[in-house]
Amino acid sequence: MNIPADLKYAKSHEWARLADDGLVTIGITDHAQEALGDIVFLELPAVGRKVKAGEECAVVESVKAASDIYAPIAGEVVAANQAAADAPESVNQDAYAAWLFKLKPDNAADLDGLLDAAAYAKVAAEE
Amino acid sequence: MAKQTLLYATHVRLGGKLVDFAGWDMPLHYGSQVEEHHQVRRDAGMFDVSHMLCLDLEGAGAHDLLHKLIANNVDKLTVPGRALYSCMLNPQGGVIDDLIVYFFRTDFYRVVVNAGTADKDLAWIRQHAGSVAVKPRRDLAMIAVQGPNARAKAWAALPGSEAASAELKPFHAAWFGDALIARTGYTGEDGFELMIPAERAEATWNALLDAGVKPAGLGARDTLRLEAGMPLYGQDMDEQTSPLAAGLGWTVDLAAPRDFIGKSVLAGRRPEKQTLGLLLEDRGVLRAHQKVFAAQGEGEITSGTFSPTMNRSIALARLPAGVAVGDAVEVEIRDKRLKATVVKPPFVRNGKVLV
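Just so it is clear, the structure is predicted and the values come from calculations on it, not from any experiment. (Residues numbered from 1 in each chain as written. Chains lettered and ligands numbered in written order. Predicted model: local features only at pLDDT ≥ 70, side-chain atom pairs only at ≥ 80, totals over all residues.)

Re the overall build of chain A
The line we're drawing: Secondary structure is summarised from DSSP: a helix means a run of H or I of at least four residues, a strand means a run of E of at least two, and numbering begins at the N terminus for each. Throughout, radius of gyration means the C-alpha value; the globule benchmark is 2.2 Å times the number of residues raised to the power 0.38. Exposure is read from a count of other C-beta atoms within 10 Å of each residue's own; the residue is exposed at 12 or fewer, buried at 20 or more and partly exposed in between. C-beta atoms are placed from the backbone.
Tallying secondary structure elements over chain A gives 4 helices and 9 strands in all. The order of α-helices and β-strands along chain A, N terminus first, is β-β-β-α-β-β-β-β-β-α-α-β-α. Over its C-alpha trace chain A gives a radius of gyration of 13 Å, about what one expects of a compact globule, namely 14 Å for 127 residues. When its C-alpha atoms are laid out on the principal axes, chain A stretches across 35 × 30 × 25 Å. When burial is assessed residue by residue, chain A has 43% of its 127 residues classed as buried.

Here's what the structure looks like:
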């Protein structure tokens, strides 16, 4: 299972990466893309939308099922990855490169409340 | 504990992602559902469908039993090996199951029923069977080899099978020793369904693999059948659904004088609902149970998916009477209403998009 050590994770299978510019990039984990199978459609949040932690804000649809994506932390959506929406299979190819959206966090310290790679590996292994 | 087919260990060895389907551990895919779908449309793929149940009906009353039990007319079967698709109805005219019946003699038929309904089907058939012997054939494996190159690859894999089956027309079957080769399937492509004694199941599967037939799982089976406009029992119809509303009127023989269970309810009744196809015009994926809004009223999607062949979303939907092919409708997906066009299934047959 591919779970990069430098990312933070939500139990609902999103990853989050804090960059130097203070923005947090969100995507779904390799485990999540594997479980979903062939991904064919992404519905991404509108730029400018304010989201709470745990709020449904995107949808990833595979051939088999639709899966809600939750904001791991609170913030404002500042970017959505149109390139991934145009080529949804890119999420299957590399779930950590094909990010979904970026948040300007209300409080970057909220990331500390997410799982680290080791804790997420346990969550994924139990499914 | 889910049941396992004779090919279970083979699926595990091939890396199949196994899921529970109607109480059976079955492969959903072996890597990519979409690639397996294309493999069947473009070349040849195979499915383990041994979870479905073969039932042999033997005895002098077999013909009369099927006359009474199924809505299509077994009198259409005159050539040995001829197959017929039919619904089996309850007295209220709802669908107990859909099935294929193969004719050999008027005292010998084989019926293939769905896995999820096998137990209730067996009980229902036995309840009406009288002196006819009803024999479940769990000693048989079933492999569906499907695709434009499926027959040629099956012939290459199974020495002697070409002579036995080269002349078979669609919806006919022939014996190949103690195996049955049927030119039937559930994908909209040419191919065979093979019914094989247990002890040769794995060797047959491996010979097909060596001949270049790639394994495909239930995921691809579902997208293929939906593109082909074929209904799935339990999803597109059930005991509360009339076959006329499910788009299966063509399989119901109301013209012949014979009586069959459910006939009196269906005869003379115009269904309020009809089943047609939908093509999503916007981006998204149609799914079962989404609401459809037409000028004539509301309908519901019974099966929806992303079509790998068409690279867009398609569905079968139960729509109010009066909705016509070409109509624009709306489908509620989450909090939005998206545009869709009503079409006549099938969407795809023999590798070609038809809508």
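A word on the domain arrangement of chain B
Frequently, the measure chosen for interface size is the accessible area removed from exposure when the parts meet. All names here are of chain B. Note the cut-off: Per the annotation, domain bounds derive from an automatic or database assignment of domains. It is the C-beta atoms, placed from the backbone, that decide contacts: two residues are in contact if theirs lie within 7 Å.
Taken as a whole, chain B is organised into domain 1 (8-51 + 138-227) and domain 2 (272-353). For domain 1 and domain 2, the distance between their C-alpha centroids amounts to 29 Å. The interface is formed by 13 residues belonging to domain 1 together with 13 residues belonging to domain 2. For the side of domain 1 that touches domain 2, the elements supplying multiple residues, two or more each, are α2 (33-42) and α8 (218-227).

A few points about unusual backbone geometry
Residue and element names in this part refer to chain B. Residue Pro346 is bonded to the preceding Pro345 through a cis peptide linkage, with omega at 5 degrees. Locating Pro346 in the fold gives a position in the loop between β19 (336-343) and β20 (348-349). Unlike most non-glycine residues, Asn311 shows phi in positive territory, near 60 degrees. When the 9 C-beta atoms within 10 Å are taken as the criterion, Asn311 is described as exposed.

Concerning the pairing of strand β12 (residues 191-197) of chain B
For a regular strand, side chains alternate in direction, first toward one face of the sheet and then toward the other. Residue and element names in this part refer to chain B. Put simply, the rule is: Strand pairing is defined by DSSP finding a minimum of two bridges between the two strands.
Buried residues dominate β12, accounting for 6 of its 7 residues. In this structure, strand β9 (residues 140-146) lies alongside β12, joined through 7 bridges in antiparallel fashion. Within β12, the position partnered with Val145 by the bridge is Phe192.

A closer look at the packing of helix α5 (residues 150-157) of chain B against helix α7 (residues 201-210) of chain B
Residues and elements named next belong to chain B. What counts is decided by this rule: In this analysis, axes come from line fits to C-alpha atoms, helices being fitted only over the stretch in contact, and the angle between any two N-to-C directions falls in the range 0 to 180 degrees. By convention, the crossing between two helices is left-handed when the near helix turns anticlockwise from the far helix through less than a right angle, and right-handed when the turn is clockwise. Gly is put with the polar residues, along with every residue not named as nonpolar or charged; the nonpolar set is Ala, Val, Leu, Ile, Met, Phe, Trp, Tyr, Cys and Pro, and the charged set is Asp, Glu, Lys and Arg.
In contact at an axis separation of 8 Å, α5 and α7 are set at 115 degrees when each is read in the N-to-C sense. Between α5 and α7 lies a crossing whose hand is right-handed. Listed contacts from α7 to Lys153, Ala154 and Ala157 of α5 are Ala207, Leu208 and Asp210. Here the contact of α5 with α7 is composed, by residue class, of 4 nonpolar, no polar and 2 charged.

Considering the sheet that holds strand β4 (residues 39-43) of chain A
Residues and elements named next belong to chain A. Strand order in the open sheet formed by 3 strands is β4-β6-β7, with antiparallel pairing between adjacent strands. Only two strands of the sheet have a single neighbouring strand rather than two, namely β4 and β7 (66-70). Here the average twist between neighbouring strands, direction ignored, is 25 degrees. Looking at chain direction, strand β6 (residues 56-62) and β7 are connected through 5 bridges and run antiparallel. For Val60, the partnering residue across the bridge sits in β7 and is Ser67.

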